[in-house]
Every structure is written in C-alpha cells, then in structure tokens.
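Understanding the architecture of this molecule
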Amino acid sequence: MPSPRSSRERRAGGSGGRLEFLSLSQRGPAAPDSPSRRKESSGAAAAPLPEEDCMKLNPSFVGIALSSLLAIDLWASKRLGVCAGEGSAWGSARPLMKVVEVSGHGIPWLLGTFYGLCQSDSSAAREVLLNLLFALLLDLVMVAVVKGLVKRPRPTHNKMDMFVTISVDKYSFPSGHATRAALVCRFILRHLVLAVPLRVLVVLWALIVSISRVMLGRHNMTDVLFGLLLGYALYGVVEHCWLSPATAPALFALWSH
C-alpha cells in the first residue's frame, strides 16, 4: 500500500517539482447550476424597475406634504361629486347643476356683453361693457394658457358632456367657471349700482357656480380654489388697464353711433 508521502511526491513531481496554488482570480471547475442559482442569475439580469415604481428612502418633507394634500384633494373631490352621474347620490339634481354650469360659461357672457355693446346708447354704459368684454377675453386667454401648461386631467368620475368645449377643456386646472365667476362678481359689485339683495344674489351665484364644478365631477377642489384666486387677481389687472375714451379712443369710436 503506497504511503501518503509517496502520493504527495508523485503529485509534486507531476508539476515539475513545484507546488501549484489556485489563484483567487482564477475560477475552479464550474459547479452544476442549482435552481436557486439559476433564479438569482435570472433575477440579476431582469430589467430595472421604472423610477416611479422605486421607493424613495429619503423623501423630502415638502414632497410628503404635497402628496398628502393631493390625495386628500382627490378623495374629497370624489366624495363631493354627488351629481357626477344620474346614478350618483344627488343624480336627480344634475340637470339643475348643468343649468348653473351654462350660466357660468364664457359663451353666454361674451354674447350678452357684445349684444349690450351694440344696443347701448350711453357712453358710460359702453365703457363698462367694453371693459367687461376685455375682462372676459383676458380670462379665456389666461385659463387656456394655464391649462395648457399644467395639463392636469379631469377627474376620473367626470362625464365629458359639457356645454361647448374646446381642446384645452379636456384639462382640469384651473376651473374656468370659477375664474369667470370671481372676476364677474367683483366687476359687477364694483361698477353696477345694485340693491343689497341683488348684491347678495351675485355673490351667491359665484359661489354656487364654483361649488357646482365639484358636484358635477368636472373639477377637483384645488382647481376651483385656484380658479377663484385667479379670477380675483385678474380683476385687479382689468382695473389697472381700464379702457376709457382717453386711453383707447379707437375702440370707443368703433362702438359709437
């Protein structure tokens, strides 16, 4: 029986009398792939997850606050959309809410103001109506620009059966009805002499138009709130750029009889 020593000598002699060591950088004979190893290799070769699906381990406080407010906004808006469809909680009031919707639409206001300009015989009335027309056009342009920039989609529970829409009306932020309601409300209270009950009715009309946008499911609450603020601010622009026979004589000459 050969001794262990002779066996080691034969192995050393086969390599030229030198002992050979396996380098750490060299790989030994490949071991058979186990199911777990194959699973790990296939998982490592999988495509990385999209960035929006990856959990951020260190979100900022502002990001958390904004995400929470957005979630509350969407949840509350859906709960308040009680007239969004015929089968909603207040679905029977949906036709009435759609009448309120038309009362705050831009086309009736533009047509009515234009008709008043054509029929007016008073220079003071023409000045007020011309500036109201300027305010309505400014409102349309500003709302269209903001909607085109933000591109926030309409609420998912909204039915696209709105009265006379254009391309940007598929977006939700801000509410053009709320913007127009606030703008017209300030304009009327400032430039028309009305009794107190009528002034209260004008304010109630602006509030009902704004609330109806959420009840019909047309907008989220933040769309309406921002629209009211924008309309309030736009009236300040109209007052600053007030058109008069001294500042815009060509326009007044056009409408004079």
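How each quantity is defined
- Residues numbered from 1 in each chain as written.
- Predicted model: local features only at pLDDT ≥ 70, side-chain atom pairs only at ≥ 80, totals over all residues.
- Heavy atoms only, no water.
- Core = buried A, V, L, I, M, F, W, Y, C linked by side-chain atoms within 4.5 Å.
- Buried < 20%, exposed > 50% of the residue type's maximum accessible area, 1.4 Å probe, protein only.
- Helix = DSSP H or I, 4+ residues; strand = E, 2+ residues; numbered from the N terminus.
- Contact = heavy atoms within 4.5 Å.
- Polar contact = N/O pair within 3.5 Å; in protein donor to acceptor, adjacent residues only side chain to side chain.

All right, on to the nonpolar core then. Ranked by internal contacts, the top residues of the largest apolar core, which has 34 residues, are C83, M97, L130, L183, F187 and V238. Every element with two or more residues in this core is listed here: α4 (94-103), α5 (106-119), α6 (123-150), α7 (176-191), α8 (196-215), α9 (221-240) and α10 (249-255). Tallying contributions element by element places α6 first for this core, with eight residues. Setting aside residues up to four positions removed in sequence, F187 forms contacts with V128, N131, L132, L192, Y235, V238 and W242.

In the segment running from F173 into P174, the intervening peptide bond is cis, with an omega of -5°. On the secondary structure map, P174 appears in the loop between α6 and α7. Even without being a glycine, K151 presents a positive backbone phi close to 60°. Looking at the element boundaries, K151 is found in the loop between α6 and α7.

Our focus in this paragraph is the environment of S77. Positionally, S77 belongs in helix α3 (residues 61-80). Of the residues examined, S77 reaches a relative accessible area of 0% and is grouped as buried. A distance of 2.6 Å separates a polar atom in the side chain of S77 from the backbone oxygen of D73.

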